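What follows is the residue order along each chain.
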Amino acid sequence: MAGRELMYREALREALFEEMGRDDSIFIIGEGIAERGGSYKVTEGLLAEYGPKRIRDTPISEAGMIGVGVGAAIAGARPIVEILYVDFAMLGMDMIVNQAAKFRLMTGGKGRVPFVMRTQGGTGGGVAAQHSQSLEALFYHIPGLRVVMPSTPADAKGLLKYALRQDDPVMFIEHKHLYMTKGEVPDGELIIEFGVADIKREGTDVTLIAWSNMIPRTLEAAKQLAGMGISAEVLDPRTLVPLDRDAILKSVAKTNRCVIVQEAVRRGGVASDISSIIQEEAFYNLDAPVQIVAGMNTPIPFNLKLEEESVPQKDDIIAAVQSVLHNKVA
Amino acid sequence: MAYNKKENAPSKELLEKLFTTAFRIRNFESEGIKLYRRGLIRGYFHPYLGQEGIASGACAALEDRDYIASTHRGHGHCIAQGATIEGMVAELLQKETGYCKGYGGSMHIADITKNNLGANGIVGASTPLGVGAAMANQVRGSDAVTVSFSTDGATNNGTFLESLNLAAIWDLNFILIVENNQYAVSTTLAEATRETELYKRGEAIGVESHRIDGNDPLLVYETVVDAVKKCRAGLGPILIEAVTFRHSGHHVNDPGKYMPEDKIKYYKDRDPVDRARDNLINMGKMSAKDVKAIEAEIEAEFEAAVKAAEAAGEVTVEEFREFVADY
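Note that the coordinates shown come from a computational prediction; the quantities given were computed from them, not determined experimentally.

### Remarks on the overall build of chain A
Then, in step 1: Counting its regular elements, chain A contains 12 helices and 14 strands.
Then, in step 2: Relative to the 2.2 N^0.38 estimate, which gives 20 Å for 330 residues, the radius of gyration of chain A is 20 Å and therefore close to what a compact globule would have.
Then, in step 3: Considering only C-alpha atoms, chain A reaches an extent of 65 × 45 × 40 Å along its principal axes.
Then, in step 4: Here chain A holds 330 residues, and 56% of them are scored as buried.

Next up, the structure:
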């Protein structure tokens, strides 16, 4: 299929341009997103195209902004609230957890909340403890939310477009390291439904499950492993909720070994839950225990050497793969 | 800020509506408490007894296209916004015929077809949610107004300032009614804040703000009519502090011993339902007999709703599992 090479942030912008043109009920609020175009330039140009009614800067009021987005969604609009760092979403957790996630159930399914929170997380090279977190597990834990973590420009575009066409609250978590990365984005309409994993690299010896910024790192590891004679399959769930369990189980049934890579801290993470799903449903397909490569249980330190130590690196992934293959590789 | 009643005499039709709504709420709460004590209603039940004048007056000033957001003490708002007693009783009795099919209960009750964003178990949540509805309406070019009912307790929550400020900078058609019943559960307003005249908080961020007697349904109505007019003319948002008092504790199982007897008496002497009835008889010239007939009809409506709810089924476990399968 024909396509173009776009940066992750350009692909997101393209999704916003297309969807706002299609649906008048979409509007965006956030800090510095209008004239300035956002800290990561995702919303650049939208103000000129769609005007100040639909593209608005806000004061620094995360709880209020998220609440307003949720209320607007309940009242039939399709709001996007941009939260500069996922760390700042913590200020609005009541609105996410107690309001957005629960309204559909609390109304017996009569009310819906088509609300999208766009934000970004992860380590970014010295931005320290309050601007570096990977907090997807907090949202993953709350029934009623959708958790989306695209790793490529094409996925970012297709998933954001789908987010704006479905009716549940979406935590759309980008990664600060990915905005400038490039990738092929197919021409024409691109919609990626939630709950469909993507195999980023096919392989036969081991399944590597990763998402967001751990995908490029895991792909590098897979490339190096190939040079060592190990064929690694890299699976990106793309959405953690809903999770494509079938794709995971199918891949594990093929490779019989699995390593899960997450940037977030190890304790109480999504990787642990995926691991438990695999051991419950594919135990007899496994030739080795599932390994998790995750962040240390620590706030992210400012010091770059320590920051690097805090989150999984390529060599950690390779070591884990060697460990699950210990009885296979000479 | 003083607020003068309109010079034009209110119509009998309006006075009848104010009384009917206030009495319907009064009856729902009084009879609901009996069902609660019989064990038919479970969970929490926060009665609106004593505050009926606010919901009755405010919702009478709204059109069908307007929105409301409510609180944990939300039965009154739901009724005043046009919900049926049958759907509400069924909800409190956990039946599938209830407004939320028994998934929400007292604290989350909502007839969303009446543009009601629902009761809410989180104190303060109605303000940002209501501002959101106001924003949705502004974006789609509607002149609909959103009224958020809130509480004195909620004014010490951060979202009060954050969201009212957003409504102000965006000139939203938003009316915040702070029902000042002078208690956050058992904590008095004076313990919770140094400045107990809460409308001043609106003024501090450039929002037109009023303080009125919330136990006067007609005054509430007239104040909200004015606020709605101003909003539709682009002069919103507006804050209305409506001073009132509960007749009892925070919820059914709270005896409210911390509430001074003389203060309860003071407010019961200014009971909003009695005032609505007196207005209907004195200003509306309705006979006491006709008023009694209205009351009897409302009482019968509740009894029929209980019968219907008792006969209704509940959502099955299978239906529940299917409903949340994609969660």
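### Topic: the overall build of chain B
Then, in step 1: Scanning chain B from terminus to terminus reveals 13 helices and 7 strands.
Then, in step 2: The principal-axis extent of the C-alpha atoms belonging to chain B is close to 55 × 50 × 40 Å.
Then, in step 3: By the burial criterion, 55% of the 327 residues in chain B qualify as buried.
Then, in step 4: Expressed as a percentage of contacts within chain B between residues at least 6 apart in sequence, the contacts between residues at least 24 apart total 76%.

### Let's talk about the packing of helix H8 (residues 214-227) of chain A against helix H12 (residues 314-324) of chain A
Residue and element names in this part refer to chain A.
Then, in step 1: Close contact between H8 and H12 brings their axes to 9 Å; oriented N to C, the two are set at 55 degrees. With respect to H12, the element H8 is oriented oblique. In this structure, H8 meets H12 at a crossing whose hand is right-handed. Contacts between H8 and H12 pair Arg217, Thr218, Glu220, Ala221, Gln224 and Leu225 from the former with Lys314, Ile317, Ile318 and Val321 from the latter.
Then, in step 2: Along the lines of polarity and charge, the residues of the contact of H8 with H12 split into 5 nonpolar, 2 polar and 3 charged.

### Considerations on the sheet that holds strand S12 (residues 239-241) of chain A
Residue and element names in this part refer to chain A.
Then, in step 1: On the basis of which strands lie adjacent, the open sheet formed by 7 strands has the order S3-S2-S4-S5-S7-S6-S12 and mixed pairing. Among the strands making up the open sheet, the edge pair consists of strand S3 (55-57) and S12. Each strand of the sheet is rotated relative to its neighbour by a mean of 20 degrees, with strand direction disregarded.
Then, in step 2: Relative to strand S7 (residues 170-175), strand S6 (residues 146-148) runs parallel, the two sharing 3 bridges. Within S7, the position partnered with Arg146 by the bridge is Val170.

### Structural notes on the domain arrangement of chain A
Note: interface size is frequently given as the accessible area lost on complex formation between the parts.
Residue and element names in this part refer to chain A.
Then, in step 1: Parsing chain A into structural domains produces domain 1 (3-186) and domain 2 (198-324).
Then, in step 2: For domain 1 versus domain 2, the separation of C-alpha centres amounts to 26 Å.
Then, in step 3: Tallying the contact residues gives 25 residues for domain 1 and 23 residues for domain 2.
Then, in step 4: Residue classes in the side of domain 1 that touches domain 2 are distributed as 11 nonpolar, 11 polar and 3 charged.

### Considerations on the interface of chain A and chain B
Then, in step 1: Contacts between chain A and chain B engage 33 residues on the former and 33 residues on the latter.
Then, in step 2: Among the secondary structure elements, those contributing two or more residues to the side of chain A that touches chain B are helix H3 (62-74), helix H4 (93-100) and helix H5 (103-106) of chain A.
Then, in step 3: Ranked by residue count, the leading element in the side of chain A that touches chain B is H3 of chain A, at 9 residues.
Then, in step 4: Residue composition of the side of chain A that touches chain B, by class: 14 nonpolar, 15 polar and 4 charged.

### Some words on the nonpolar core
Then, in step 1: Ranked by size, the top nonpolar core spans 197 residues in total, and within it Leu208 and Val259 of chain A together with Ile175 of chain B carry the most contacts.
Then, in step 2: At 9 residues, helix H1 (residues 12-37) of chain B tops the list of elements feeding residues into this core.
Then, in step 3: Looking at which domains feed residues into this core, each of domain 1 (3-186) and domain 2 (198-324) of chain A gives three or more.
Then, in step 4: When sequence neighbours within four positions are dropped, the list of residues in contact with Val259 of chain A reads Val206, Leu208, Gln291, Val293, Ile317, Ala320, Val321 and Val324 of chain A.

### Description of helix H11 (residues 272-282) of chain B
Then, in step 1: Within the sequence span of H11 of chain B, burial applies to Pro272, Val273, Arg275, Ala276, Arg277, Asn279 and Leu280 of chain B.
Then, in step 2: On its buried side, H11 of chain B packs onto H1, helix H2 (52-60), helix H9 (217-232) and helix H12 (288-311) of chain B.

### With respect to the sheet that holds strand S14 (residues 291-295) of chain A
In a beta sheet, neighbouring strands pair by backbone hydrogen bonds and run either parallel or antiparallel.
All names here are of chain A.
Then, in step 1: Spatial strand order, S9-S11-S10-S13-S14: 5 strands in an open sheet with mixed pairing. Two strands in the sheet have a free side with no partner beyond their single neighbour: strand S9 (198-201) and S14. Across the sheet, the mean angle separating the axes of adjacent strands is 25 degrees when strand polarity is ignored.
Then, in step 2: Relative to strand S11 (residues 232-236), H8 is tilted by about 170 degrees, and along the sheet it contacts S9, strand S10 (206-209), S11 and strand S13 (258-265).

### Re unusual backbone geometry
Residue and element names in this part refer to chain A.
Then, in step 1: Between Val241 and Pro242 the backbone carries a cis peptide bond, its omega angle lying at -5 degrees.
Then, in step 2: For Pro242, the position within the fold is in the loop between S12 and helix H9 (245-255).
Then, in step 3: Phi at Ser212 takes a positive value of approximately 55 degrees, unusual for a residue other than glycine.
Then, in step 4: Counting through the fold element by element, Ser212 comes out in the loop between S10 and H8.

### Side note on the pairing of S7 of chain A
Residue and element names in this part refer to chain A.
Then, in step 1: Taken across its 6 residues, S7 has 6 buried, putting it largely inside the fold.
Then, in step 2: Side chains of S7 alternate between two faces, with Val170, Phe172 and Glu174 and Met171, Ile173 and His175 buried alike.
Then, in step 3: With 6 bridges connecting them, strand S5 (residues 116-121) and S7 associate as parallel partners. Within the sheet, the bridge partner assigned to Val116 lies in S7 and is Val170.

### Focus on the packing of helix H5 (residues 126-139) of chain B against helix H6 (residues 158-169) of chain B
All names here are of chain B.
Then, in step 1: Packing of H5 against H6 leaves a shortest axis separation of 8 Å and a crossing angle of 15 degrees. By the angle class used here, H5 and H6 are roughly parallel. Note that H5 runs across H6; the crossing there is left-handed. Across from Thr127, Pro128, Val131 and Ala134 in H5, the residues of H6 making contact are Thr159, Phe160, Ser163, Leu164, Leu166 and Ala167.
Then, in step 2: Of the residues in the contact of H5 with H6, the class split is 7 nonpolar, 3 polar and no charged.

### Quick notes on the confidence of the model for chain B
Then, in step 1: Averaged over every residue, the pLDDT of chain B is 96; residues scoring 70 or more account for 98%.
Then, in step 2: As scored by the predictor, the complex reaches a pTM of 0.96 and an ipTM of 0.95.

### Notes on the environment of Gly249 of chain B
Residues and elements named next belong to chain B.
Then, in step 1: Tracing the sequence through the fold places Gly249 in the loop between strand S7 (238-243) and helix H10 (261-268).
Then, in step 2: Once the C-alpha coordinates of Gly249 and Tyr183 are considered, the two residues, 66 residues apart in sequence, prove to be 9.5 Å apart.
Then, in step 3: Look past the residues within four positions of Gly249 in its chain and what remains in contact with it is Asp254, Pro255 and Gly256.

### Quick notes on the environment of Ile54 of chain B
Residues and elements named next belong to chain B.
Then, in step 1: With respect to the helices, strands and loops of the structure, Ile54 is situated in helix H2.
Then, in step 2: Expressed as a C-alpha distance, the spacing of Ile54 and Met283, which sit 229 residues apart in the sequence, is 20 Å.
Then, in step 3: The residues contacting Ile54, other than those within four sequence positions of it, are Ile177, Glu179, Gly214, Val220, Ala242 and Thr244.

Quick notes on the rules
- Along each chain, numbering runs from 1 in the same order as the chain's sequence is written.
- Chains and ligands are labelled by the order in which they are written, letters from A for the one and numbers from 1 for the other.
- Totals for whole chains, interfaces and linings use all residues, but because this is a predicted model, local features are given only for residues with pLDDT of at least 70 and pairs of side-chain atoms are given and counted only at 80 or more.
- Secondary structure elements follow DSSP: runs of H or I no shorter than four residues count as helices, runs of E no shorter than two count as strands, and numbering proceeds from the N terminus.
- Throughout, radius of gyration means the C-alpha value; the globule benchmark is 2.2 Å times the number of residues raised to the power 0.38.
- Each residue is classed by its C-beta neighbour count within 10 Å, where at least 20 other C-beta atoms makes it buried, 12 or fewer makes it exposed, and intermediate counts make it partly exposed; the C-beta atoms are placed from backbone geometry.
- Note that contacts rest on C-beta atoms placed from the backbone: two residues are in contact if these are within 7 Å.
- Axes, fitted as lines to C-alpha atoms, cover a helix only where it is in contact. Angles between the N-to-C directions of the axes lie from 0 to 180 degrees.
- In what follows, roughly perpendicular refers to angles from 65 to 115 degrees, roughly parallel to angles under 35, roughly antiparallel to angles over 145, and oblique to any angle outside these ranges.
- Helix crossings are classified by the rotation of the near helix relative to the far one: an anticlockwise turn of less than a right angle makes the crossing left-handed, while a clockwise turn makes it right-handed.
- Throughout, the ten residues Ala, Val, Leu, Ile, Met, Phe, Trp, Tyr, Cys and Pro are labelled nonpolar, Asp, Glu, Lys and Arg are labelled charged, and all others, Gly among them, are labelled polar.
- Only when DSSP finds a minimum of two bridges between them are two strands counted as paired.
- Domain segmentation is taken from an automatic or database assignment of domains.
- A set of buried Ala, Val, Leu, Ile, Met, Phe, Trp, Tyr and Cys residues, joined to one another through C-beta atoms within 7 Å, is what we call a nonpolar core.
- Values of pLDDT, which run from 0 to 100, indicate the predictor's confidence residue by residue.

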